[in-house]
Amino acid sequence: MATSVCSALGIDQENSVGKLIAVEEHHSSNGNFVLNCLIAEQVHKEGSVCLVALHNSFGHYHNVGTKLGYNLHQLQEKGCVESIEVLKLLNESLNAEHENRVGNVLFGDEENTMRNLFHLIKGKTEKLLQKRKLVSLVIDDLSNLLSLGISVKEVLSFLQYCRTLLESQPGLSLVVLTHIAEGDDEQQLLNAGLCHVADVIVTVCGLKTGQSSDVSGSMKVTHRRLDQPMIAHEWNKQNLYHFKLLDRQVKIFAPGTAPCLT
Amino acid sequence: MLSNILTRKQPSTLVCIQDSLEQSGLHLLRAFAQHAVDRKESHVHILCYEHPTIKMKTGLRNSSEDHVHFHDCFTDHRGWIDSQEKENIRSDVHTKGNSILSVLQTSPVTSTNDCIIIIDSLTPLIYNIGFTRCYRELHSLLVKSTNGLTVSQVICLIHEDTLPDVHVALPQLCHLATTTVKIGSHTQSSRGNPTASIIHKKQGGKILRQVEYYSIDADNRLKSEILTLVTPTVAGVNEDENQLPEDLTTFKLSLGQQEKEARSQLVLPYLRINSEKGGKVFYQPDAADDWDEEDPDDDLDI
């Protein structure tokens, strides 16, 4: 079920260890399915996942996961999955700030907030790497940090620190999702900053002409092969797919070949 | 022209490569770096702000030679890891991400030798220290007498879509640079290769502009050609429609001289030439028409 998405992304052919996959979610579409499929793939390969959930609660990912074939709660109990639920952290930090006690992770100096979050993540990934060789750090979604009032500069610094983990912790791969809305300059800057350093860019957007019952949206996969020499026409080659989100699976097909049309 | 700038036949103190998400300029930067490394005339300092140094090292041949120095400005650029280890002491000291000059000054060889500086991306630096300070540092690098550094060339890469105030910052950088290379994606005429719009300011003040397409092979060697726009040939059908081709049929289609005169003298039956002034209505009643001489408005009491 998740394999069709992963083969479209080209992950089954290339090793994603040490790489950054950026998922660009445009307004009026939902790119969450890419993350869920990548988590499914990682679980299938018997790797671990460190999930930084800014947009949804852990329960949401568990629910989607049961439909795709894995149980996140069980995996968490086994120690294969770690999560940092930022929504809960928000609650704790707010309470800590009101009561003036220690525990305020998120409401303070911008730089400190990002630094604390980074150290939390670093601790969790180190813990996971002691048990399993492959760890995937999934961040959903980076642009929510902008809603906390944190500037683009600090979020990009945080991203750079997460990328340093790719080097210092072998076996780690990074998946980051950002949301873009037209007119929001900060989100555009953040997204541009992320895509320039990413190895694979997945752009999920709705159909230009409106809504359809047969196609949920379009997905464009771009492999930025910065390590390899430039080949005319091949470099930055993009692949465009259409997808349909169903209850228990995601169908991926080439544009114009939706099942209802064939 | 791009090859001349790369090989320094056209000397240029600051080369600014502008790229975007559509087409990355990292390959071109690597070609410049490779050439600087291969020349072995000066020390080459490669400052890695955006990517880990290993990425630049693996992309370049002969990168482990003595005159090539890699500076890691990517790892721990804000001192978050370092300060954590020192028990949460907040570090305001100059970390490597903060200043080009401090990075170079701490390097032991720079004070006596001529050097070429290659910066893999200015974006993280601009975010960390602000555009003004970055501009000043670049400017002071180029002015040779300060800081005891002799810099012969600076080559930097800038992503135009990641700059916060791009409409202000980018023109200022272009003004400072002696060569600006703007990378574009491939067009119809570039044979699948990316294009480069080059603006080069010569020492005498003359400005050269050119658009070229380039390719870089696996050994980081550059090949560039001038981009000639392929214009579609205008298939102009400029037929003189007034003249009928006379050899269309065997029938006589044109008029002879006498026939033309007769045509001009012909009076058309219903065309009356208005010789009198004012308008006049010519009415010829049929048999069925009822012509009434009375004035229809007679019964009105006005």
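The name given to chain B in an unreviewed UniProt entry is Elongator complex protein 5, with Cryptotermes secundus as the source organism. As stated in UniProt under Sequence similarities (unreviewed entry), the record for chain B gives "Belongs to the ELP5 family."

1. Thoughts on the layout of surface pockets
When its volume is computed, the largest pocket comes out at roughly 330 Å³. Surrounding the largest pocket, 16 residues form its lining, Gly-18, Leu-166 and Asp-199 of chain A together with Pro-52 and Lys-55 of chain B being those nearest its centre. Along the lines of polarity and charge, the residues of the lining of the largest pocket split into seven nonpolar, three polar and six charged.

2. Describing empty space enclosed by the protein
Enumeration according to the criterion identifies six cavities of 30 Å³ or more in this entry. Volume-wise, the largest cavity comes out at about 180 Å³. Along the walls of the largest cavity sit 17 residues, with Leu-156, Gln-160 and Gly-193 of chain A together with Glu-50 and Pro-124 of chain B positioned nearest its centre. Of all the secondary-structure elements, those providing two or more residues to the lining of the largest cavity are α8 (152-168) and α9 (185-197) of chain A together with α6 (123-129) of chain B. Take the lining of the largest cavity: its biggest share by element is six residues, from α8 of chain A. Here the second largest cavity defines a volume of roughly 70 Å³. Around the second largest cavity, the lining residues are Ile-11, Ser-16, Ile-21, Leu-38, Glu-41, Gln-42, Lys-45, Ser-136, Ser-173 and Val-175 of chain A. Of all the elements in the fold, those that place two or more residues in the lining of the second largest cavity are α2 (32-44) and β5 (172-180) of chain A. Counting residues per element, the lining of the second largest cavity draws most heavily on α2 of chain A, which supplies three residues. Of the residues belonging to the lining of the second largest cavity, the class tally is four nonpolar, four polar and two charged.

3. Concerning the pattern of salt bridges
On inspection of all chains with the given rule, the structure shows 16 salt bridges over all chains. Lys-124 of chain A is the salt-bridge partner of Glu-82 of chain A, the closest N and O atoms lying 3.6 Å from each other. Taken as a pair, Glu-82 of chain A in strand β3 (residues 81-85) and Lys-124 of chain A in helix α6 (residues 110-131) lie far apart in primary sequence, 42 residues in all. Measuring nitrogen to oxygen at the nearest pair gives 2.8 Å for the salt bridge that ties Arg-221 of chain B to Asp-219 of chain B. Overlapping salt bridges bring together Asp-38, Arg-61, Asp-217, Asp-219 and Arg-221 of chain B as one network.

Definitions and limits used
Residues numbered from 1 in each chain as written. Chains lettered and ligands numbered in written order. Predicted model: local features only at pLDDT ≥ 70, side-chain atom pairs only at ≥ 80, totals over all residues. Heavy atoms only, no water. UniProt positions renumbered as here; feature names shortened; annotations may be inferred. 1 Å grid on protein atoms, 1.4 Å probe; cavity = no way out; pocket = protein on both sides within 12 Å on 5 of 7 lines; lining within 4 Å. Points joined across faces, edges and corners; volume = space filled by probe spheres on them. Nonpolar A, V, L, I, M, F, W, Y, C, P; charged D, E, K, R; others polar. Helix = DSSP H or I, 4+ residues; strand = E, 2+ residues; numbered from the N terminus. Salt bridge = Lys/Arg side-chain N within 4 Å of Asp/Glu carboxyl O.

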